[in-house]
Amino acid sequence: MKTMEIKQRLRAAAILAAVMLATGVPAPAQQSGSQQQSEVFLWPIAGAQAGDGIIARPQQYVGGQLNFGNLYIGAEYGTPVLAPADGTIDRPCVSVRWQTGMMSYRTDENLTWNGQIASVVEGGDYDVPDRCVTMGLAIRLPNGNKVWISGLNGDMVLKDGQKIHRGDTLGYVAYWEPSIEEPHIVLSMSHKNTTAMDPMTPFGLPTTFVEPKALVIPDSLTAEQVQEDFRALMDVLKTEYPPLYDVVSPEELAAFDSATVAGPLSRTISYRDFWLVIRRLTALVHDSHIGVMTSIDTKDLKVANIFPGVIGDSLTVTRVMDGKGLERFIGRRIAAIDGRPADEIIREVEKYKARGYDGNSESLRDYQMATVWDWYFDDSEVYNSTKEEAVIEFADGEIYRDKWISPRKATGFYPQPSLLEMAHYSHLIRYKDHPYSFRMLNDSTVYFGLQSFQISKVDRDAVRDSLAAYIDVPYMVMDLRDNSGGDIYFTNELLSIFLTDSTRNLGGYSYVKTRGPLKHSLNYGPDQIVFPDYQPVKGKDGFFAPSENSRVLYPDSTLNYRGRLYILTDETSCSAASLFPSVLVRNRRAVTVGRETMTGYHYMTAMKYNEVRLPNSMIVLHIPLVLEVFDTAVTPRTPKGRGLMPDYPVPATYEEYFTAEEDFILNRALELIEQGLYLQEDYFAGIDTADGSGYKAAWWIIGAVAAVTAAGAITTSVIKRRQRQNKTKP
């Protein structure tokens, strides 16, 4: 399970963006690979010199396809493959060539390379010769760049996150590219921002690599161009995005469509103004996994001196520019900005600017509306840097004319967010060394903070070892705030450590609107069937499959925590960080303290995405394709369309967001422990009947899918078995 993203580190991003906007500090320039790396890499084939055995270089054709950035290196089968430089193992996996890219498989990471390969070959779910089913990995270098190597095998185990040194053995030469008959590996490199990098110069070789050209972004677009792009995105949303009409009504979407086409899209407009239209659409169709991946340069945008935000139901001054003598305005209620009533502005921001949350979840929306000050001004003026002055009318009748300034003249916020002093932002340094944190809060309570569920195998093992050390502590506070979600397999592994009984079978399922092909896709082929295993169900639209997120889980027999578990959540608990507490709450194994999660309780969109590029503007969007239904029970504890609501709410306050050193949510959890408060009323008791009748609808869907899938699986198994018998072995 991915997290969006919008690639969220929500508060970190919010602080960084706000501070940079207010101070005009430019982001550090990225050095080129040659600037960052001075030492020549070790050739990866043991006993060979740099350049020996090269079969194909970048810009040569391999298997009928132009090879953009790969270096194919041949050697005798079984020759050791060596690490070219010091670094960290990154996500080793079984991989096979897939169209012009790679498909990876999730296996038991405790198995050897050959053991993992054998488990994939046994399943036969690939379309290459068996000899080309091999291991691949990346080496993350100290500067953040990566070296990618595929075509390995061997009786060895390297863990994700494991430190390695130049010359260490990574595996042994096998195969990878089906069109190459001789044993070989394939090597490539990427910058830390994932763009392709020259794989030859680091080895001291003359290069044939051609740097990718920067995408040319038009300054303006005609009405015909923007309407074509807008229609393309609307078409993708209507035909591919599963919960469209759960987050916006057909009438609201149609009204936005007609008003937009008749308004800003009726004439030639700037690229920035069209980008803003797309942003408004992704706020209307809000989702924690939808994102506009294409950004625009904001470093030179003018900034205000008075920063508004919504606290409670009022538009107030939350911060001011430091050192300008404006402190007297902090906390004062705003009646109007530039002649527009505050209530009207708030409604617009709520509908067309707040984004990144699921369904009717309110906590993230409220946090954004309190902290993102520029939303309360005209977008076009802000992002085209034409805003000269804002006329602020206060509720007491005073009017202040705020002259906007260059970011180079900005002096920072007052009050200024403090990473060291403010509990709300201390996570930015808490996880600087590891993505987890353990400490004893008192003699009977342990704190366990987790930054992400997408962590390395080395870190997962360390978390497990730490939990073993605290297994007998009677109370645990688990902090899932500022957690962006991640891997469903690690989520389930961790859940098993805390479960004391098997989970209730809720009849969850996965749903897609189309099996493919997808439209305007960068990451899928034009004729590709993306969801071949999803099946139609009579009387239902779309296609269905069982969900990994809802399968029955069992307690871990070797490591099982049975104390009381208090989970801290808020508006930054996303994706798996919402699913994890949802499973435990649903099974009466934990309580949550804090605020509603960013991601919905009943469903989330995850697993696979369409990276959509609009044809004229070249704007790229991240559109989720799979609706993962976790539970259908609507109760006072789980209201329809909301995130996971807390058992013990801690309302957000101005002080928490802007000034307080106190961790209000953690302190509330400690109060509950001291008072002996834990599980409350079981709102699911009347739903969870012994025969599962509360889930007849969901079970009927899954039963039909299972029947069709089973019938197809028999035929598929026979075909794949015959295919494997006909494949060439080394």
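On a predicted model such as this, the values are computed, not experimentally measured, just so you know.

## Some thoughts on the side chain of T599
So, point 1. Note on placement: T599 falls in the loop between β30 (591-594) and β31 (603-613).
So, point 2. Taking the relative accessible area as the measure of exposure, T599 reaches 0% and is therefore buried.
So, point 3. Within the structure, T599 has its side chain in polar contact with the side chain of S288 (distance 3.4 Å).
So, point 4. Here S575 takes part through its backbone nitrogen, which lies 2.6 Å from a polar atom of the side chain of T599.
So, point 5. Among all residues touching T599, those that are not within four sequence positions of it are S288, D358, S573, C574, S575, S578, M604, G643 and L644.

## Let's talk about the environment of P199
So, point 1. Along the chain, P199 turns up in the loop between β13 (196-197) and β14 (220-221).
So, point 2. Looking at P199, the relative accessible area reads 0%, which means it is buried.
So, point 3. Put simply, P199 and L187 are 12 residues apart on the chain and 7.3 Å apart in space, counted from C-alpha to C-alpha.
So, point 4. Ignoring any residue separated from it by four or fewer positions in sequence, one finds P199 in contact with P58, G69, L71, L187, S188, M189 and F209.

## Overview of helix α3 (residues 113-123)
So, point 1. Those residues of α3 lying buried are W113, Q116, I117 and V120. Seen from one end, α3 has its buried residues packed into an arc of 100°, which puts them on one side.
So, point 2. Just downstream of α3, G124 is the residue with a positive phi angle, here 70°.

## Side note on the nonpolar core
So, point 1. Counting 86 residues, the largest nonpolar core has F230, F274, L281, V285, Y376, L614 and I619 as its most contacted members.
So, point 2. A total of eight residues in this core trace back to one element, the largest contributor, which is helix α7 (residues 271-284).
So, point 3. Discounting chain neighbours no more than four positions away, the residues touching V285 are L237, Y241, L244, V247, V248, L253 and I290.
So, point 4. Formed by 57 residues, the second largest nonpolar core is a distinct cluster that contains F438, V446, L553 and V593.

## What to know about the pairing of strand β26 (residues 475-479)
Across a regular strand the side chains alternate sides, sitting on one face of the sheet and then on the other.
So, point 1. β26 sits mainly inside the fold: four of its five residues count as buried.
So, point 2. Sheet analysis places strand β25 (residues 445-450) next to β26, joined by five bridges and oriented parallel. Bridge pairing in β26 links Y447 to V477.
So, point 3. What joins β25 to β26 is helix α12 (residues 457-469), and the crossover it makes is right-handed.
So, point 4. The pairing of β26 with strand β29 (residues 564-569) spans five bridges and is classified as parallel. In the sheet register, V477 faces β29, and the bridge partner there is Y566.

## Structural notes on the pattern of salt bridges
Close approach of charged atoms allows side chains with opposite charge to pair.
So, point 1. Tallied over the entire structure, the rule returns 41 salt bridges.
So, point 2. With its nearest N and O atoms 3.3 Å apart, the salt bridge here joins K387 to E381.
So, point 3. Residue classification places K387 among the buried residues on the basis of a relative accessible area of 4%.
So, point 4. Through salt bridges with shared partners, one network takes in R280, R340, E344 and E348.

## Details of unusual backbone geometry
So, point 1. For the bond from Y414 to P415, the omega torsion is -5°, close enough to zero to count as cis.
So, point 2. Looking at the element boundaries, P415 is found in the loop between β23 (413-414) and α11 (427-430).
So, point 3. Backbone geometry places T194, a non-glycine residue, at a positive phi of 80°.
So, point 4. One can find T194 in the loop between β12 (184-190) and β13.
So, point 5. The class for T194 is exposed, based on a relative accessible area of 65%.
So, point 6. Even without being glycine, M618 reaches a positive phi, approximately 65°.
So, point 7. Positionally, M618 belongs in the loop between β31 and β32 (620-629).
So, point 8. With relative accessibility at 24%, the residue M618 sits in the partly exposed group.

About the thresholds
- Throughout, residues of each chain are indexed from 1 in the direction in which the sequence is written.
- Thresholds applied to this predicted model are a pLDDT of at least 70 for local features of residues and 80 or more for the giving and counting of side-chain atom pairs; totals over whole chains, interfaces and linings are not thresholded and use all residues.
- The side-chain numbers reported here are obtained from all heavy atoms of the structure, hydrogens and water having been left aside.
- We count a stretch as a helix when DSSP gives it H or I for four or more residues in a row; a strand needs E for two or more, and each element gets its number in order from the N terminus.
- The buried label applies to any residue whose accessible area, calculated with a 1.4 Å probe on protein chains only, is under 20% of its type's maximum; exposed applies above 50%, and partly exposed to all values in between.
- Polar contacts, as used here, are pairs of N or O atoms within 3.5 Å; protein pairs need one atom able to donate a hydrogen and one able to accept it. Residues neighboring in sequence count only if both atoms are side-chain atoms.
- Two residues qualify as a contact provided that any one of their heavy atoms is within 4.5 Å of a heavy atom in the partner residue.
- This arc is taken over the directions from the axis of the helix to the C-beta atoms.
- Only buried residues count toward a nonpolar core, which is a set of Ala, Val, Leu, Ile, Met, Phe, Trp, Tyr and Cys residues joined through side-chain atoms within 4.5 Å.
- Two strands make a pair as long as DSSP finds a minimum of two bridges between them.
- For the handedness criterion, the strands are oriented away from the viewer, and a crossover whose path from the first strand over the helix to the second runs clockwise is classed as right-handed.
- When a carboxyl oxygen of Asp or Glu is within 4 Å of a side-chain nitrogen of Lys or Arg, the pair counts as a salt bridge.

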